[in-house]
Amino acid sequence: LLLSQASEALASGQLNQTFQARGITELETLATSFNLMAQQLRESFTRLERANETLEQRVIERTASLSAAEAELQALFSAMTDLVIVYDRQGRFQKIVSTNPKHLITSIADQMGKTVHELLPKQAAETVFQGIQQAIATQQVVNIEYSLPIEGHEVWFAANISPLSQETVILVARDISDRRRVEDERRKQAEALLKSEQQLRKQNRVLLDLAKSAVL
């Protein structure tokens, strides 16, 4: 009866059970086995509790680490002036990250799920689309430049298109309008200088011909 009661208590989770037997060898052996089993169960539950405590601590630490990483990433995106877009193979917008509205040809909500050919001017759309195809085909970074009409101004972008998988790419575009304006101004100055030099050479040839005629 005592062994039965101890067994029931052990089964119900009361692990601090022992059984005292007197006089009968079989019962003493059974009691010893019972006491050993109870001790092993106590030790197993103790190890399990310690393991659970360790796991909970790791989960807490990991959660804190992920929260910190997420906050750092959010701060990084907030500080970015670049336009970040994920496209699929068809040139369809999958994700857009931009903290600068002046970089957007239209709202993010209007762009989601649409292709570059549906949203961008023909030339820019074809430039971006070909860059996407090349990046996926070669699994290499592709560099492109294109312009968009945004709020009545021509905005130039230099973009790196990097493959994410066999079906998607990420485009990181930077506004290079100021650089393009400087380059255009330098080109115009160089063209004006070349034109002046050509005119000067022409005038020199005319004067030289007149001088030759006067001598003759």
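Report on the accompanying structure. (Residues numbered from 1 in each chain as written. Predicted model: local features only at pLDDT ≥ 70, side-chain atom pairs only at ≥ 80, totals over all residues. Heavy atoms only, no water.)

Thoughts on the packing of aromatic side chains
- One pass over the structure, following the stated rule, counts two aromatic pairs.
- When the centroid spacing of 4.9 Å and the interplanar angle of 55° are considered together, the rings of Tyr87 and Phe93 count as tilted. Of the two residues examined, Tyr87 and Phe93, each falls in the buried class.
- With a centroid separation of 5.5 Å and an interplanar angle of 25°, the aromatic rings of Tyr146 and Phe157 are classed as stacked. You can see Tyr146 sitting in strand β3 (residues 142-150) and its partner Phe157 sitting in strand β4 (residues 153-163), a full eleven residues away along the chain. Side by side, Tyr146 and Phe157 carry an identical accessibility label, which is buried. (Phe/Tyr/Trp six-rings, centres within 6.5 Å; stacked < 30°, edge-to-face > 60°. Buried < 20%, exposed > 50% of the residue type's maximum accessible area, 1.4 Å probe, protein only. Helix = DSSP H or I, 4+ residues; strand = E, 2+ residues; numbered from the N terminus.)

A word on the environment of Asp88
- On the secondary structure map, Asp88 appears in strand β1 (residues 83-88).
- Spatially, the C-alpha atoms of Asp88 and Pro163 are 9.9 Å apart, while their sequence positions differ by 75 residues.
- Only 3.0 Å separates the side chain of Asp88 from the backbone nitrogen of Gln90, close enough to count as a polar contact.
- Side-chain polar atoms of Asp88 contact the backbone nitrogen of Arg92, separated by 2.8 Å. (Polar contact = N/O pair within 3.5 Å; in protein donor to acceptor, adjacent residues only side chain to side chain.)

A word on the pattern of salt bridges
- Per the stated rule, a full pass over the model turns up three salt bridges.
- Close ionic contact of Arg179 with Glu145 constitutes a salt bridge, the shortest N to O distance being 2.6 Å. Here Arg179 is found in helix α6 (residues 177-215), whereas its partner Glu145 is found in strand β3, with 34 residues between them in sequence. (Salt bridge = Lys/Arg side-chain N within 4 Å of Asp/Glu carboxyl O.)

Things to note about the sheet that holds β1
- Pairing within the open sheet is antiparallel, and its five strands lie in the order β2-β1-β5-β4-β3. Pairing within the sheet leaves two strands with one partner each, and these edge strands are β2 (93-97) and β3. Along the sheet, successive strands turn relative to each other by an average axial angle of 25°, direction set aside.
- Direction of pairing for β1 relative to β2: antiparallel, over a ladder of four bridges. Each bridged residue has a counterpart across the sheet, and for Val86 the counterpart in β2 is Lys95.
- On the sheet, helix α5 (residues 122-138) packs against β1, β3, β4 and β5 (168-175) and is oriented at approximately 155° with respect to β3. (Pairing = 2+ DSSP bridges. Axes fitted to C-alpha atoms, helices over the stretch in contact; angles between N-to-C directions. Contact = heavy atoms within 4.5 Å.)

Regarding the environment of Gly113
- Looking at the element boundaries, Gly113 is found in the loop between α3 (108-111) and α4 (116-119).
- Spatially, the C-alpha atoms of Gly113 and Gln94 are 6.3 Å apart, while their sequence positions differ by 19 residues.
- In this view, Gly113 contacts Arg92 and Phe93; residues no more than four positions away in its chain are not counted.

Observations concerning the nonpolar core
- Residues Tyr87, Val128, Ile144, Tyr146, Ile161 and Leu171 are the most contacted members of the largest nonpolar core, which totals 27 residues.
- The set of elements that each furnish at least two residues to this core consists of β1, β2, α4, α5, β3, β4 and β5.
- Here this core gets six residues from one element, more than from any other, and that element is α5.
- Once residues lying within four places of it in the same chain are set aside, the contact partners of Ile144 are Thr127, Val128, Gly131, Phe157, Ala158, Ala159, Ile161 and Leu171. (Core = buried A, V, L, I, M, F, W, Y, C linked by side-chain atoms within 4.5 Å.)

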